[in-house]
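# What the coordinates show
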Amino acid sequence: MNKKSTRGRKMRSDSVRVTPVFREEPDIEKLGLALIAIAKDLVDKDN
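A short tour of the structure in this document, coming up. For clarity, every value in this text was computed on a predicted model and none was experimentally measured.

Rules of the game
- Residues numbered from 1 in each chain as written.
- Predicted model: local features only at pLDDT ≥ 70, side-chain atom pairs only at ≥ 80, totals over all residues.
- Heavy atoms only, no water.
- Helix = DSSP H or I, 4+ residues; strand = E, 2+ residues; numbered from the N terminus.
- Buried < 20%, exposed > 50% of the residue type's maximum accessible area, 1.4 Å probe, protein only.
- Areas by Shrake-Rupley, 256 points an atom, 1.4 Å probe, with all protein chains shown as cover.
- Patch = residues over 30% accessible without salt bridge, like charges linked within 9 Å, V, L, I, M, F, W, Y side chains within 5 Å.
- Salt bridge = Lys/Arg side-chain N within 4 Å of Asp/Glu carboxyl O.
- Expected span 1.5 Å × (residues − 1).
- Polar contact = N/O pair within 3.5 Å; in protein donor to acceptor, adjacent residues only side chain to side chain.

### As for the overall build of the protein chain
- A tally of helices and strands in the protein chain yields 1 helix and 0 strands.
- Evaluated residue by residue, the protein chain yields a buried proportion of 0% over its 47 residues.
- Element-wise, carbon and sulfur atoms account for 55% of the exposed surface of the protein chain, whose accessible area totals about 5900 Å².

Dropping the structure here:
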């Protein structure tokens with residue numbers, strides 16, 4: 001009776017590996033846009 005039935009995905013995630021890629025010349029414009037988007041998201045979360 002204590003056993004719960006769950007629907008959909010399990011609550012745990014599988015182990016995921018992320019490997020960063022080093023680039024000799026990073027795209028500064030994309031990096032700037034990403035940083036601005038992160039800053040806007042942080043401001044929205046504070047309000």
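### Observations regarding a nonpolar patch on the surface
- Together, Ile28, Leu31, Leu35, Ile38 and Leu42 give the surface a local cluster of nonpolar side chains, amounting to about 500 Å² of exposed area.
- Mapped onto the fold, Ile28 is located in helix H1 (residues 28-46).
- In this structure Ile28 comes out as exposed when scored by relative accessible area, which is 59%.

### A closer look at the pattern of salt bridges
- Applying the stated criterion to the full structure yields 1 salt bridge.
- A salt bridge links Asp41 to Lys45, with the shortest nitrogen-to-oxygen separation between them at 3.6 Å. Of this pair, Asp41 and Lys45 both sit in helix H1, 4 residues apart, which is roughly one turn of that helix.
- Exposure remark for Asp41: the relative accessible area of 38% places this residue in the partly exposed category.
- We classify Lys45 as exposed; its relative accessible area is 60%.

### Comments concerning H1
- With 19 residues, H1 ought to run about 27 Å at 1.5 Å a step, and its terminal C-alpha atoms sit 27 Å apart, in line with that.
- You can read the cap of H1 off the contacts: a side-chain oxygen lies 3.3 Å from the backbone nitrogen of Glu29, and it is on Asp27.

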